[in-house]
Each structure stands twice: as C-alpha cells, then as structure tokens.
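# Tertiary structure, described
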Amino acid sequence: MKYWLIKTEPETFSWDTFVNMKGDMWDGVRNYQARNNLKAMKVGDLAFFYHSGNEKSIVGIAKVVKEFYPDPTNLNPKEDWVVVDFIPQRKLLRPISLEEIKKNTHLSQMPLTKVPRLSVQPVTQEEFQIIENLEKQS
C-alpha cells in the first residue's frame, strides 16, 4: 500500500461534500507530476484529504477504490489527463495544519512543505503514521 495527499479548495469541494457524496472521482488535475501520481495509485491506497486556500489543513483520509482512467472533464483529446475514484475513509480527530506540519522535523521533507502547489503528492508510510499520531494530540 502507498500513501498520498490530495488537495482541494474547500469552497469548491470540501471534505463534507465528499462525505455526503460517499466518494467521487478526483478530476481536473492539469499538472503532469500530479497526473503521474494519480497513475501510480492502486486500489486500497490511502490519501490525506487536504483543504487548501485559507484553511491549509489535512482534514480526512480517503481510500482509492478505482485506479486511473481518462478524465471525463478533459475537453482536449490530445491531452492525457486522468482521474482516480476515492471514497471517504474517516475524518481526522482534528485538522492538522500546514503550520504544524512545517514545525515537525520528521515531516520537513514532505512535498507539502517543499512543492506546495502540487495537488497530488506522495506521502511516506512514516509521514502518514506521524500525522495519524499528531491528530491524537491536542
């Protein structure tokens, strides 16, 4: 199993919307590195659901239920954009802010801190576990 982080603007597509829909395809990715990350995902992989914009926090965990296929929102047939289907796994006990992640020396190499505009990012197993442990702390 691999771990990921997927980013969304909560005003556009929030965790609550995602939960109410019981999952959705992750569409609209128009960055080659992010697209390649989507292509690397396998059924059962887990992804942190990150609210960007003003919130800048990990708020939940999503699970891959269908591997990549052509993005139906892509209007240019010459471009190879893809989507992956996710379902909500669980809401975090508390949001983990970007500020908190940046302050943790064990998380300093995360793409989230180094390539902040990348919308689909890999997360190591160790980083995933550290963040799961952080959510239990107040």
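Quantities reported herein were computed from a predicted structural model and do not represent experimental measurements. The residue count restarts for each chain, going from 1 along the sequence in the order it is written. Thresholds applied to this predicted model are a pLDDT of at least 70 for local features of residues and 80 or more for the giving and counting of side-chain atom pairs; totals over whole chains, interfaces and linings are not thresholded and use all residues. In computing side-chain properties, one takes all heavy atoms of the structure into account and sets aside hydrogens as well as water.

## Remarks on the packing of aromatic side chains
Planes of paired rings set the category: under 30 degrees apart is stacked, over 60 is edge-to-face and the rest tilted, where pairs are Phe, Tyr or Trp rings (Trp by its six-membered ring) whose centres lie within 6.5 Å. Using the criterion set out here, one finds 11 aromatic pairs in the structure. Summarising the aromatic geometry, the rings of Phe13 and Trp26 are spaced 6.1 Å apart at their centres and angled 75° between planes, so their arrangement reads as edge-to-face. With a gap of 13 residues between them, Phe13 in the loop between strand 1 (3–8) and helix 1 (15–20) and Trp26 in the loop between strand 2 (24–25) and helix 2 (32–40) connect regions that are remote in the sequence. By the burial criterion, Phe13 is buried, and Trp26 matches it. When the centroid spacing of 5.5 Å and the interplanar angle of 85° are considered together, the rings of Trp26 and Phe49 count as edge-to-face. With Trp26 in the loop between strand 2 and helix 2 and Phe49 in strand 3 (residues 46–51), this residue pair connects regions lying 23 residues apart in the sequence. Only DSSP runs of H or I with at least four residues qualify as helices, and only runs of E with at least two residues qualify as strands; both kinds are numbered from the N terminus onward. Partly exposed residues are those whose accessible area sits between 20% and 50% of the maximum for their type, while under 20% is buried and over 50% is exposed, using a 1.4 Å probe and protein chains only.

## Let's talk about the nonpolar core
Nine residue types can take part in a nonpolar core, namely buried Ala, Val, Leu, Ile, Met, Phe, Trp, Tyr and Cys, and a core is a set of them joined through side-chain atoms within 4.5 Å. Core analysis: the biggest nonpolar cluster contains 20 residues, and Ile6, Trp26, Met41, Phe49, Phe86 and Val120 have the highest contact counts within it. Of all the secondary structure elements, the ones that give two or more residues to this core are strand 1, helix 1, helix 2, strand 3, strand 4 (57–70) and strand 5 (82–97). Contacts between residues were defined by any pair of non-hydrogen atoms, one from each residue, lying within 4.5 Å. Apart from the residues within four sequence positions on either side, Met41 is in contact with Trp4, Ile6, Val64, Glu67, Val84, Phe86 and Val120. Counting residues in hydrophobic clusters, the runner-up holds 19 residues, among them Tyr3, Ile58, Phe128 and Ile131.

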